[in-house]
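The lines below spell out each chain.
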Amino acid sequence: MSKIKKCLFPAAGYGTRFLPATKAIPKEMLPVLTKPLLQYGVEEAIEAGLDTMAIVTGRGKRSIEDHFDISYELEHQIKGTSKESYLTEIRSVINACTFSYTRQVEMRGLGHAILTGETLIGDEAFAVVLADDLCDNDGDGVLSQMVKLYEKYQCCIVAVEEIPPEDSNKYGVIAGDTIKDSTYAKNSLVRVNDMVEKPELQDAPSNLAIIGRYILTPDIFDVLRETQPGKGGEIQITDALLEMAKIGKVIAYKFDGTRFDCGNVDGFVEATNYFYTKSN
Ligand code: G1P
């Protein structure tokens, strides 16, 4: 059985909810305290044992590449000073993995972004992290928990959490049958048989929403190639995963940990307060 080594980061979106901050800065580079959102995601992937980061970027996103690279001028200026320690974390991230990039030329949805990343992933199972869902917990990170689950079940996995029903039109929402597995907390594993992208309250199949962590098997690419535009006229990963769910190949996992929706200002401020309190 091959281990999961690669992590895909769709990072081509415009970040319109953070305008004007995101006019010239990628939303993935907005910092929670001193660290850009994307770095949190990369660190979570490294902690899960992944060493190959595949980033789907777009126009105006070059600062992402510069961030995960050496800045010789800065290194030279800072070397031997008291400020050198500020670079410790990012240096260890750069040393722990490789980064490769491809560009999504047109914005045609998350499914399309993931399909664009095929060239970097190839024929192996991989993780997907949406950096604006920022996750934290004291034990194993969410991705680490999911990688372990994949090793046991060898199928697609989506991380889910319970949401207030009125929020269902912001998420992919799943339904299915509980899997009994004594290694996991009661009701934390669901064999998915239905999933709907951003349903209205009355159409939501449950209150379990997908958050931005996925493990996908490479057959998802063939499904995505056939997936027609869905919600919002975009190619949705939720629709492609529904095809896999119909043949029993998707598990939803209620993860351990806290997740912040940093795709909107309220969640971003909450995450900032949380990490600030934690760091003091
Ligand atoms: C995407 C997915 C959605 C998922 C969400 C998690 O939506 O399409 O199914 O629930 O991420 O954050 P987006 O937030 O990009 O609109």
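Relevant structure appears above.
Residues numbered from 1 in each chain as written. Predicted model: local features only at pLDDT ≥ 70, side-chain atom pairs only at ≥ 80, totals over all residues. Heavy atoms only, no water.

1. Considering the site of the ligand
By nearness alone, 13 residues border the ligand, and D133, G172, E197, K198 and I210 come closest of all. Between the ligand and the protein, one listed contact pairs an oxygen atom with a side-chain N or O atom of D133 at 2.7 Å. With respect to the ligand, the side chain of T238 contributes an N or O atom lying 3.3 Å from an oxygen atom. A total of 380 Å² of accessible area belongs to the ligand in isolation, and the protein chains cover 77% of it. Examining the composition of the shell around the ligand, we find that four residues originate from one element, strand β11 (residues 208–216), more than from any other. For the shell around the ligand, the class distribution of residues is six nonpolar, four polar and three charged. (Near = heavy atom within 4 Å. Polar contact = N/O pair within 3.5 Å; in protein donor to acceptor, adjacent residues only side chain to side chain. Areas by Shrake-Rupley, 256 points an atom, 1.4 Å probe, with all protein chains shown as cover. Helix = DSSP H or I, 4+ residues; strand = E, 2+ residues; numbered from the N terminus. Nonpolar A, V, L, I, M, F, W, Y, C, P; charged D, E, K, R; others polar.)

2. As for the pairing of strand β7 (residues 133–136)
The two faces of the sheet receive side chains in turn, since in a regular strand these alternate between them. Residues of β7 alternate between two faces, with D133 and C135 on one and L134 and D136 on the opposite face, all of them buried. Pairing geometry for β7 and strand β13 (residues 258–261), over four bridges, is antiparallel. Residue L134 lies in a different strand from β13, and its bridge partner there is F260. (Buried < 20%, exposed > 50% of the residue type's maximum accessible area, 1.4 Å probe, protein only. Pairing = 2+ DSSP bridges.)

3. Thoughts on the layout of surface pockets
The computed volume of the largest pocket comes to approximately 1200 Å³. Taken together, 42 residues form the lining of the largest pocket, with R17, K27, L130, D132 and K198 sitting closest to its centre. Where the lining of the largest pocket is concerned, the elements lending two or more residues are α5 (110–116), β11, α9 (237–246) and β13. Sorting elements by how many residues they give to the lining of the largest pocket places β11 first, with four residues. In the lining of the largest pocket, the residues fall into 16 nonpolar, 13 polar and 13 charged. Estimated volume of the second largest pocket: approximately 740 Å³. For the second largest pocket, the lining is made up of 33 residues, of which T34, K35, Q39, E43 and E89 are closest to its centre. At the level of elements, β3 (35–36), α1 (37–47), α2 (62–67), α3 (72–78), α4 (88–96), β7 and α10 (265–279) are the ones that each hand at least two residues to the lining of the second largest pocket. By residue number, the principal contributor to the lining of the second largest pocket is α1, which donates five residues. Its residues assigned to classes, the lining of the second largest pocket shows 14 nonpolar, eight polar and eleven charged. (1 Å grid on protein atoms, 1.4 Å probe; cavity = no way out; pocket = protein on both sides within 12 Å on 5 of 7 lines; lining within 4 Å. Points joined across faces, edges and corners; volume = space filled by probe spheres on them.)

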